[in-house]
Amino acid sequence: MKTLNTQIEQWIHSAQKKIDNDSICQADLDYLSSILQSQHIRQRILYIHAVTPSIRSQLIAMSLHEPIKDQIAEIDPDYGEWPYRSVHDAVLDGWQIVQFPDQRANFDDREIDILGYEFILQKLEAYHE
Amino acid sequence: MSNIKPSGELQECNFVDYLLTDEEMITFVIHGYHIVETDFTSEFNQSIYDEIEQLDGNPGDGILDAVPKLYQVYQHPKVNGALASLLGHHYEMSGHRHCHVNPVGSRSQGWHQDGVNQRHHQIQTVLAMYYPQDVNSDMGPTVIVPGTHFRNAPTDQMATYTNFRHQLPLTVKAGTVAITHYDIWHAASRNKGDRTRYMLKFLFNRTNDPDQPWWNHDPVVAKREIHRLDSERAGACSQSDHYKERGLRRQMWLHLLGQKSSKREE
């Protein structure tokens, strides 16, 4: 499943070639219209675990969930370059924070449990189906 | 099945040259794992792989009886030396063990700690994971998060984690035994290869509280290395967690030395 933006970019690329050889026609515009009419807004979800509750702190873990049937977020032993260094980086890329971590101090001053502070972010994207 | 203990003096002769050093022990305390590369032949490892392939179902705790060659794996001097260092020379093999099968096309597991959330900060039990085949990153390696053995996290609270910056895939050569603290966070990843990946997970227990260092302890070396308990990071975490982690490391180290926490450590 492609995002609407991707689909339109592909249409423009194709249309440019047709303009160059003077072959663009009504059917091309009808196809563009059908793309726009079949769009569906879906929510992409990004979990980020950061070192502190600050959106500027470095990341510990990341989990991206795409709104695609049967897509799963999996451990990847070859997980390479991280796209963001902080939650703020993700915000600059268009992600919106929908849940901030609970920053109340842990009163147990000896034991440690889960790792990092969890931010949940979303990006709403139009998809062509 | 009853627990199996090393056989006294013979066992000590077997492993005494392979006890861990202070550097290795401190590394285990900080990171929670130690990798042992054995010198078994590729034919030996392959024969274990083949025997597992031919089993009619997974025998669970009965895997040792089903594949008796595994006794040799866990009697290897380097494996025994590491286990004796971490658990004392009278450690025992637990009656619980399992052959973990990661078939082609699997999905990755969720992160988890074994057992229930009643933990401590000592080395009472370790996992000893033997791999009878090479494991590359496509073959669904076990992945661990170093340093997490001090954390007490219910599995359901770990469900939103996927990839950690400091996760470590155990991509190993056939014959490797990866020894980890029982509480370390771990998971199997997806097998994208063309061959089933097996891992034999055996548990080993301490039988006595330490009354002395059981590894190749040298107080001079230990004194030189001890600062790492305070300064070395196993992975990214908050500063307040790291402060607590330092205390838990020292608590574990003192226990290993056979000292109470009120005594001065070497």
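Residues numbered from 1 in each chain as written. Chains lettered and ligands numbered in written order. Predicted model: local features only at pLDDT ≥ 70, side-chain atom pairs only at ≥ 80, totals over all residues.

### Some details on the sheet that holds strand β2 (residues 92-102) of chain B
Residue and element names in this part refer to chain B.
- Here we have 5 strands laid out as an open sheet, ordered β1-β7-β3-β9-β2, and antiparallel in their pairing. Only two strands of the sheet have a single partner each, and these edge strands are β1 (33-37) and β2. Sheet twist, expressed as the average angle between the axes of neighbouring strands with direction ignored, equals 20°.
- Where β2 meets strand β9 (residues 197-205), 8 bridges bridge the pair, whose relative direction is antiparallel. Opposite His-98, over in β9, you have Lys-201 as the bridge partner.
- Packing against the sheet, helix α6 (residues 77-87) makes contact with β1, β3 (125-130), β7 (176-181) and β9, and its axis sits at approximately 165° to β3. (Pairing = 2+ DSSP bridges. Helix = DSSP H or I, 4+ residues; strand = E, 2+ residues; numbered from the N terminus. Axes fitted to C-alpha atoms, helices over the stretch in contact; angles between N-to-C directions. Contact = placed C-beta atoms within 7 Å.)

### Some details on the sheet that holds strand β6 (residues 168-169) of chain B
All names here are of chain B.
- Taken together, the 3 strands give an open sheet; going across it, the order is β6-β4-β8, and neighbouring strands pair in antiparallel fashion. Lying at the two open borders of the sheet, with one neighbouring strand each, are β6 and β8 (185-188).
- Pairing of strand β4 (residues 142-145) with β6 involves 2 bridges; the strand directions are antiparallel. What sits directly across from Val-143, in β6, is Pro-169.

### Section: the interface of chain A and chain B
- Taken together, the 26 residues of chain A in the interface contact 29 residues of chain B.
- Those elements giving two or more residues to the side of chain A that touches chain B turn out to be β2 (39-50) and β3 (59-65) of chain A.
- Sorting elements by how many residues they give to the side of chain A that touches chain B places β3 of chain A first, with 5 residues.
- Taken together, the residues of the side of chain A that touches chain B break down into 15 nonpolar, 4 polar and 7 charged.
- Here β3 of chain A runs beside strand β5 (residues 163-164) of chain B; their pairing, made up of 2 bridges, is antiparallel. Counterpart to Ala-61 of chain A in the pairing with β5 of chain B is Phe-164 of chain B. (Nonpolar A, V, L, I, M, F, W, Y, C, P; charged D, E, K, R; others polar.)

### Points about the packing of helix α2 (residues 22-31) of chain B against helix α9 (residues 239-257) of chain B
Residues and elements named next belong to chain B.
- Two elements in contact, α2 and α9, have axes separated by 9 Å at closest approach and are oriented at 140°. Relative to α9, the element α2 is oriented oblique. Of the two elements, α2 crosses α9, and the hand of that crossing is right-handed. For the pair α2 and α9, contact is made by Met-25, Val-29 and Ile-30 and by Arg-249, Met-252, Trp-253 and Leu-256, respectively.
- Residues that form the contact of α2 with α9 fall into these classes: 6 nonpolar, no polar and 1 charged. (Parallel < 35°, antiparallel > 145°, perpendicular 65-115°, else oblique. Left-handed = near helix turned anticlockwise from the far one by under 90°.)

### As for the domain arrangement of chain A
Residue and element names in this part refer to chain A.
- Partitioning chain A into structural domains gives domain 1 (1-37) and domain 2 (40-106 + 113-129).
- For domain 1 and domain 2, the distance between their C-alpha centroids amounts to 33 Å.
- At the junction of the two partners, domain 1 supplies 6 residues and domain 2 supplies 6 residues.
- Counting only elements with at least two residues in the side of domain 1 that touches domain 2, the list comes to β1 (2-3) and α1 (4-20).
- Looking at the side of domain 1 that touches domain 2 residue by residue, the classes come out as 3 nonpolar, 2 polar and 1 charged. (Domains from an automatic or database assignment.)

### Comments concerning the nonpolar core
- Ranked by internal contacts, the top residues of the largest apolar core, which has 82 residues, are Ile-48 of chain A together with Leu-83 and Ala-128 of chain B.
- Residue contributions to this core peak at 6 residues, all from α6 of chain B.
- The contact partners of Leu-83 of chain B, leaving out residues within four places of it in the chain, are Tyr-91, Val-126, Ala-128, Ile-179 and Phe-204 of chain B. (Core = buried A, V, L, I, M, F, W, Y, C linked by C-beta atoms within 7 Å. Buried ≥ 20, exposed ≤ 12 C-beta atoms within 10 Å, placed from the backbone.)

### Section: the pairing of β3 of chain A
All names here are of chain A.
- The element β3 is extensively covered by neighbouring structure, given that 5 of its 7 residues are classed as buried.
- Bridge count for β2 against β3 is 6 bridges, and the pairing is antiparallel. Considered in β3, the bridge of Tyr-47 is made with Ser-63.

### Quick look at unusual backbone geometry
Residues and elements named next belong to chain A.
- In this structure, Asp-22 takes a positive phi of about 60° despite not being glycine.
- Locating Asp-22 in the fold gives a position in the loop between α1 and α2 (26-37).
- A tally of 6 C-beta atoms within 10 Å means that Asp-22 is categorised as exposed.
- Phi is positive for Asp-70, which is not a glycine, with a value near 70°.
- The class of Asp-70 is exposed, set by 4 C-beta atoms lying within 10 Å.

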